[in-house]
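# Structure assessment
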Amino acid sequence: MGKSRRSSAEVDKLDKKFLKEATANGYIEGTSDKDDRFQSSDSVDLSENEKSQGSPYDSGEDNQDDRFQSTDPVNFSEDEKSQGSPYDSGEDDQDDRFQTSDSVDLLEDEKSQGSPYDSREDDQDASDYENHGTMEESDSSEDEVPSRNTVGDVPLEWYKEEEHIGYDIAGKKIKKQARKDRIESFLAGVDDAKNWRKIYDEYNDEEVELTKEEVKMIHRMLRGKTPHAGVDPYAPYVDWFEWEDKGHPLSNAPEPKRRFIPSKWEQKKVVRYIRAIRKGFIKFDKPKEEPHVYLLWGNDSSVTENKRHGLSYIPPPKSKLAGHEESYNPSAEFIPTQEEINSYQLMFEEDRPKFIPRRFESLRNVPAYENALKETFDRCLDLYLCPRTRKKRINIDPESLKPKLPSQKDLRPYPSTCYLEYIGHTSPVKTISIEISGQWMASGSSDGTVRVWEIETTRCIKVWDVGEPVNHIVWNPLPELPILSISVGYDVLILDTGLGNAENQARVKELLHVEESKLEEDEGNTTPVVRWVRDDKYDGIRLKHCKVVTKIDWHRKGDYFATVVPSGDSRAILIHQLSKKHTQNPFKKLHGLPIAAVFHPTRSIFFISTKNHVRVYDLLKQKLVKKLETGLREVSSIAIHPAGDNVIVGSKEGKMCWFDMDLSSKPYRTLKTHPKDITNVTFHRLYPLFASSSEDCTAYVFHGTVYSDLNQNPLIVPLEILRGHNSSNDRGVLDCKFHPRQPWLFTAGADSVIKLYCH
Amino acid sequence: MEFGLGSGGGGGGGGDESARRVQVRFTTKLGPPLRVPSASLAVPSNLTRMGLSEIVNLLLKNVNDEHKVQPFDFLIVGELVRLPLEDFLLAKGISAEKVLEIEYIKAIAPRKQPNPSLHDDWVSSVDGSNPSYILTGCYDGIARLWKGGAECTHKLAGHTGAITSAVIINGKDDSKHTFHIATGSKDRSLRLWKVLLSTNFDGIDYSEQPVNVRESKILQGHTASVQSVSSDPSGDMICSGSWDGTIKLWEVKNSDADGDSVSIKKRRLISNTANQVESQLEVEGVAVTTFVGHSQSVSSVIWPEHETIYSASWDHSIRQWDVETGKDTWNMASCKMCGKVLNCLDVGGESSALIAAGGSDPVLRVWDPRKPGSLAPVFQFSSHSSWITACKWHRKSWFHLLSASYDGKVMLWDLRTAWPLAIIDSHKDKVLCADWWKDDSIISGGADSKLLVCSGVSI
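Presented here is a report on the structure given in the accompanying data block.

The rules we used
- In every chain, residue numbers begin from 1 and rise along the written sequence.
- Written order decides the labels, with chains lettered from A and ligands numbered from 1.
- Totals for whole chains, interfaces and linings use all residues, but because this is a predicted model, local features are given only for residues with pLDDT of at least 70 and pairs of side-chain atoms are given and counted only at 80 or more.
- The basis for the side-chain values is all heavy atoms of the structure; hydrogens and waters are excluded.
- Here, a salt bridge means any Lys or Arg side-chain nitrogen found within 4 Å of an Asp or Glu carboxyl oxygen.
- Helix and strand assignments follow DSSP, with helices taken as H or I runs no shorter than four residues and strands as E runs no shorter than two, numbered in order from the N terminus.
- Only protein chains enter the accessibility calculation, which uses a 1.4 Å probe. A residue is then buried if its area is under 20% of the maximum for its type, exposed if over 50%, and partly exposed in between.
- At least two bridges found by DSSP between two strands are what make those strands a pair.
- Angles run from 0 to 180 degrees between N-to-C directions of axes, and those axes are lines fitted to C-alpha atoms, restricted for helices to the stretch in contact.
- Note on patches: the residues involved have over 30% relative accessible area and no salt bridge, like charges join within 9 Å, and the nonpolar side chains Val, Leu, Ile, Met, Phe, Trp and Tyr join within 5 Å.
- Residue burial considers only the protein chains on display, and all accessible areas are found by Shrake-Rupley using a 1.4 Å probe.
- Polar contact is defined as a pair of N or O atoms within 3.5 Å, subject to the rule that within protein one atom must be able to donate a hydrogen and the other to accept it, and that residues adjacent in sequence are counted only when both atoms are side-chain atoms.
- Note on definitions: a residue-residue contact is assigned when non-hydrogen atoms from the two residues lie within 4.5 Å.

### Quick word on the pattern of salt bridges
Tallied over the full model, the rule gives 28 salt bridges over all chains. Glu454 of chain A serves as the salt-bridge partner of Lys186 of chain B, at 2.0 Å between the closest nitrogen and oxygen. Highlighted residues: Lys186 of chain B in the loop between strand S13 (178-185) and strand S14 (189-196) and Glu454 of chain A in strand S8 (residues 449-454), drawn from two different chains. Glu454 of chain A sits in the buried class, given a relative accessible area of 0%. A salt bridge links Lys430 of chain B to Asp429 of chain B, with the nearest nitrogen and oxygen atoms 3.9 Å apart. Judged by relative accessible area, Asp429 of chain B falls into the partly exposed class, the value being 32%.

Written out as structure tokens, the structure is:
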């Protein structure tokens, strides 16, 4: 109950009864207030109420009224100030002082209040005045004097060298005032009688003149008395409240129930609002109403944004504005000569200028424009009849749409120029194969011969006449076994080239020796899939298949090889073992026509390409690992990257697909390069190159880097189109193979020439 | 002294009055009958080589009436003139104000041999180190000795594969009557031959029927075909480069003074196969050392000095080997050089230090290994249109080298100009080998089975 206490403290000269009345009033007022509040808002909790009750500002008005009654007008201004000050305690002190001060003191106060105006100059600002005032009010506290300097409690020697003594409240430097020298200060002291009252304030760097009261205060303090004379240290204690019969708090009424339960009416109101909001009766963000005016002569482009024409308003094209030549009196350069006018007649009517400038003496002489009506009509027709469409133009630099590719220079070496030709075949060369050491090349042609060439000198060192067109020819991948496997019609021939040294040659001989007795034994059991027969003519082995063999592929270890018999039904893909002269048929059920079968370059994985799919089998586990969907109409060839995770597939529609096996079973990239069938695709063993050959007499060379980082996709860059072969019977390049060690590409053409493209 | 071209005008526009004139003085290192007075002349600046040649011939005729007109070549500040004088000076930044010193030398005009010596198969190698005999290796596995480049006197038959390389080991000395010859073949072996040269009186017999010579020693050891053979300057050792990437060193010992190792070998052979060896006169030898380093076929080896062997390989590198240690002392890392397969190599030129090599492109490159920090070729000659198969420095001249290419041409190069001095275009097919002979002839063999001799290349 601060309010009542305070009012009682202020009014000191009233007798007890009056005081009682006052407190009773206040009490009654307080309760009534409280009731009002309770009625208005139930949800506000009790403690808050109490707080607001206790705060001095709530009842400020009452206080003032009280003061008007009790104090004289001089003190009033002071009170107002003290009210503004945040310190309640200070106020109380002051009040205490007033309690005891007599009229003399009051006078003194008056004087002291007036004194600053006397002593100080006019230019001193209000803050100074305020400082002084508060200083006067509070007798002891230094805190209330806001000093100019804000450096805080630091040794002042720190600022000895500086030009400033510190900073004001705004952070600006406070300059040191000019110091008087000794004589001057002495003279000033002699001249000025009040000089003894002046004190130098080091902290703020100013001289402070003590007032009489202050001096008096100091004197009193020196004598060990209270600073103010009016303080009575032995005032009798007055107990303002009669506590003896007040056994209960002021109000003992229990808290009403409504204060604890939610208001029903409020709830109803809220529900009503919610419904209104949901139904859209109440809208929060009302759109601002725009003024229905627009710039009549403004730019047309802004009109397009204007919605008054509906959804797709397209502004009409503007007619050309009149220029100098349309003037009634144009300058001479605009007026055409007679020859020019005559020449207009020779022009097409559309090109002819519509208006021929003429010169008139004055505006009065200008005749009416004879075409005015016609042209206006034409213009109206144009606007009305010509459909206007909006062209959406996107400003994209076409260069920026190109993928960023490394320059071809950085991707060197790659085959680019044809230097050597291997001439000797008389019919289209259908297949070529390079020996692993890169010294020899074998080629098979439809003229029924197999030739072995020396790559370096293009010399043909061996010719075998096998009688039938050669379908496919492959060297054994082992350098010490220079054996050729040749598919001729229904047979696969395994021949010794005789290119190895004596030691290897003996081994080859041994390998190519077939025991006839064992064969007969096999025949006895069932009809074998393939018959291994000794070929006397060429001193090799002949594997007799049931249908035409199109492709052969050796396993990397040079013992197993696979043959593809597309029309062989359940015997389409056969795997043969050379050392045991044994044939297996692990793929009895095949979906679709097999095109090619390839061994994985490092692991025991086997790829079988049918017309539309590539199936990947694990040979150890004997199951299907993956099925690559090419999306091509007819696959013609397949090649495995030497690292084994990427496959390229060429198709008869001229497309080439690059599969990243880790990525997906869909092509990573499809390259549509050749206008005609792709006959073969191949990877280089060492360099990041791959190539495709096609019936359109070209071979394409690509760069294809496969990164060991799995996050990085392969980089494919087309490098070079190799031309040079001639078309024969509408066939072009029939085969392409890379040199195993050099970045060279061999191409076999239907023009019966094999070409070597070097870097 | 003013000089205008009279009637010829071969230089092109000599009679044009408005043409600028250049003060020139002709100098030469040729002998006195071909020396012109050393007075300076003013000649039209648009003269070509032909015009200059005409002037010199005219001057010589003034001095000496019996002088026969012959073409000359002209050198200005060490560069051969191949452009009109004006353009040449402009291109080289030479001032036309001063008196120009023009040195003239005899122009090279190769004369072709009318009837080339025909072989049975491709001629894969020629050696012209002996002034009276030419050694050729052929794809039929027979090496032949041609006396005077025209008649075959000896046939060295024995190889079972094509001969890739044949050298006369002690061919520099003409006085000896015995040739030691080494041949490398695609049958993975090297063979040493000893040819006794007959005296003149029974030469007639040889011309009708070449003498068949058997090898004196078979050197086995390479696991793939031998690509190149070279002998050391003293003739005691030979080295061979092979397709298997190794270089092997072999000792050459005369059969009458067999070394210990060979004789032991011989004895062992005898003990092993009893009687047969007696009939065969074959002696087998093994390699003294093997240099391993090249990763691909060693296509060419050269042994110019006693301690060093140079080798070129299909792995795009040229290496220099120290014979004593067997280490490659210097290695031109491939990709920086040219990145091309190298087919041939020769060392010569200025103080026998420049390396010329050609390979799987039509550019003949010359490197200077003494130049520090740079592996860029010093010279590049690119007039061929196909692979280069052979390159040889002239034995005496610092500037001249020849190259043979699959395009069927043999070109003669001078370091002082970027154009070929002469192009010999008489082969019908690939030229596989070429060499100098007698310092003034070029011999070449090719896939048309011909051995061509072009004389008149006096340097």
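There is more to say after this.
### Overview of the environment of Val22 of chain B
Residues and elements named next belong to chain B. Relative to the helices and strands, Val22 is located in strand S1 (residues 21-28). Under the relative-accessibility criterion, Val22 is labelled buried at 2%. A sequence separation of 75 residues divides Val22 from Glu97, and the C-alpha atoms of the two residues are 7.2 Å apart.

### Focus on the sheet that holds strand S22 (residues 623-629) of chain A
Residues and elements named next belong to chain A. With antiparallel pairing, four strands are arranged side by side in an open sheet as S19-S20-S21-S22. Each edge of the sheet is formed by a strand with only one pairing partner; in this case those strands are strand S19 (594-599) and S22. The mean inter-strand angle of the sheet, taken between neighbouring strand axes irrespective of direction, is 20°. Across five bridges, S19 lies against strand S20 (residues 605-610) in antiparallel orientation. Counted as the bridge partner of Phe599 is Phe606 from S20.

### Quick notes on a nonpolar patch on the surface
Together, Tyr273, Ile277, Phe281, Ile282 and Phe284 of chain A make up an exposed nonpolar region whose accessible area comes to about 560 Å². Mapped onto the fold, Ile282 of chain A is located in the loop between helix H11 (264-279) and helix H12 (300-305).

### What to know about the sheet that holds strand S25 (residues 328-332) of chain B
All names here are of chain B. Spatially, S22-S23-S24-S25 is the arrangement adopted by the four strands of the open sheet, whose pairing is antiparallel. Of all the strands in the sheet, the pair left with one neighbour each is strand S22 (298-302) and S25. Taken pair by pair, the neighbouring strands of this sheet meet at an average axis angle of 20°, ignoring direction. Sheet topology note: the strand S24 (residues 318-322)/S25 ladder contains four bridges and is antiparallel. Counterpart to Gln320 in the pairing with S25 is Trp330.

### Remarks on the side chain of His427 of chain B
Residues and elements named next belong to chain B. Inspection of the secondary structure puts His427 in the loop between strand S33 (422-424) and strand S34 (431-437). Given a relative accessible area of 6%, His427 falls into the buried group. Among the polar contacts listed, one links the side chain of His427 to the side chain of Ser444, at a separation of 2.8 Å. Side-chain polar atoms of His427 contact the side chain of Asp448, separated by 3.1 Å. Among residues more than four places away in sequence, those in contact with His427 are Gly408, Ser444, Gly445, Gly446, Asp448, Lys450 and Leu452.

Everything listed is a geometric property; what it means functionally is a separate question.
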